[in-house]
Amino acid sequence: MSEQGPTSSTSPAVGRALDILLHLAVRPGPVKTAAIARDLGIPRSSAYHILSVLAERGFVTYLPKEQAYGLGVAAFEIGSAYLRHEPLERLARPILHNLAGRLGRTVHLGILHGAETVYLLKERPPAGRSHDADAVLVTDIGVRLPAYLTANGRAILAHSGEAQLRALFPRPGDLITRTGKGPRSLAELLGLLARDRGRGWSEETELVSPGYRSMGVAAFDHHGRPVAALSSTWHTHHCPHDPGHLREVLQQGAHRLTAALRGRAPERPPGGGHLASKAPSSR
């Protein structure tokens, strides 16, 4: 008997595999095989076999240091594929329209696809109310960028567990730069994400494009997990609003989207979160 209910009587292995994935999805960190078997009430030998198959397919990843399992990239890709469907966009579109009008600048909705940010929506301000100094942005609908470089992507990554992050960025060479700026190691990235998680928003300056700065805030599902983020990009030398005001408006929009998704924001722990013990100083 699992936490989510009994496995299928016609295909117990499939039911147990799904139970394991759901079990890992609601845990804050990696889980040992023995604990999975105990919590779900399945034989340890069956748990080992199923986890091996899931690992081969990329749905879970084994972390030798912890001797435990976390969700893999394939699980993220399925979640991202679901979120690209109409319901999320339909709920977010009026919220983005309101934010673009209030800020007088372009606002985006983005999700994670693997280790990349994918922009689903791009809402421009009404004619005559735009403060965008330059329309040459790389954040068009469908564009993919390294998630750890964008404020949109980092707002989501900041609320992901360390096991998931290690699955997304298993090799040091995965962290490339576009402008010569940005985190160069997973340890540095974890520190930045811990800081972002602690304060509840993310920001990047000239990590994606020289002369541009962006800010992002995550929206959450009913488990308190990040499903998307709202963000805005502006020229570093042309920002008619105080960044604090821009952040506040984005946070209000993300709160509205979370409510529309019947979600809840996770509690922010004191001192910067669970991803790293100490975040590096801001760039």
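Thresholds applied
- Residues numbered from 1 in each chain as written.
- Predicted model: local features only at pLDDT ≥ 70, side-chain atom pairs only at ≥ 80, totals over all residues.
- Heavy atoms only, no water.
- Buried < 20%, exposed > 50% of the residue type's maximum accessible area, 1.4 Å probe, protein only.
- Helix = DSSP H or I, 4+ residues; strand = E, 2+ residues; numbered from the N terminus.
- Pairing = 2+ DSSP bridges.
- Axes fitted to C-alpha atoms, helices over the stretch in contact; angles between N-to-C directions.
- Contact = heavy atoms within 4.5 Å.

1. A few points about the pairing of strand β8 (residues 226-235)
Line of reasoning, step 1. Most of β8 sits out of view: nine of its ten residues are buried.
Line of reasoning, step 2. Of the pairings in the sheet, the one linking strand β3 (residues 107-113) to β8 comprises four bridges and is antiparallel in character. Bridging across to β8, Leu109 finds its partner in Leu230.
Line of reasoning, step 3. In this sheet, β8 lies alongside strand β7 (residues 212-220) in antiparallel orientation, the contact comprising nine bridges. In the strand pairing of β8, Phe220 is matched with Pro226.
Line of reasoning, step 4. A loop of five residues connects β7 with β8, the two strands running antiparallel in sequence, and Gly224 in this loop sits at a positive phi of about 80°.

2. A short note on the sheet that holds β7
Line of reasoning, step 1. Sheet architecture is open: six strands sit in the order β5-β4-β3-β8-β7-β6, paired in antiparallel fashion. The sheet terminates laterally at β5 (144-146) and β6 (202-205), the two strands that pair on one side only. Within the sheet, the average angular offset between the axes of one strand and its neighbour, ignoring direction, is 30°.
Line of reasoning, step 2. Note: strand β4 (residues 116-123) against β5, three bridges, orientation antiparallel. By the bridge assignment, Val118 is partnered in β5 with Arg144.
Line of reasoning, step 3. Together, β3, β7 and β8 form the strand contacts of helix α9 (residues 243-260), whose direction differs from that of β7 by roughly 30°.

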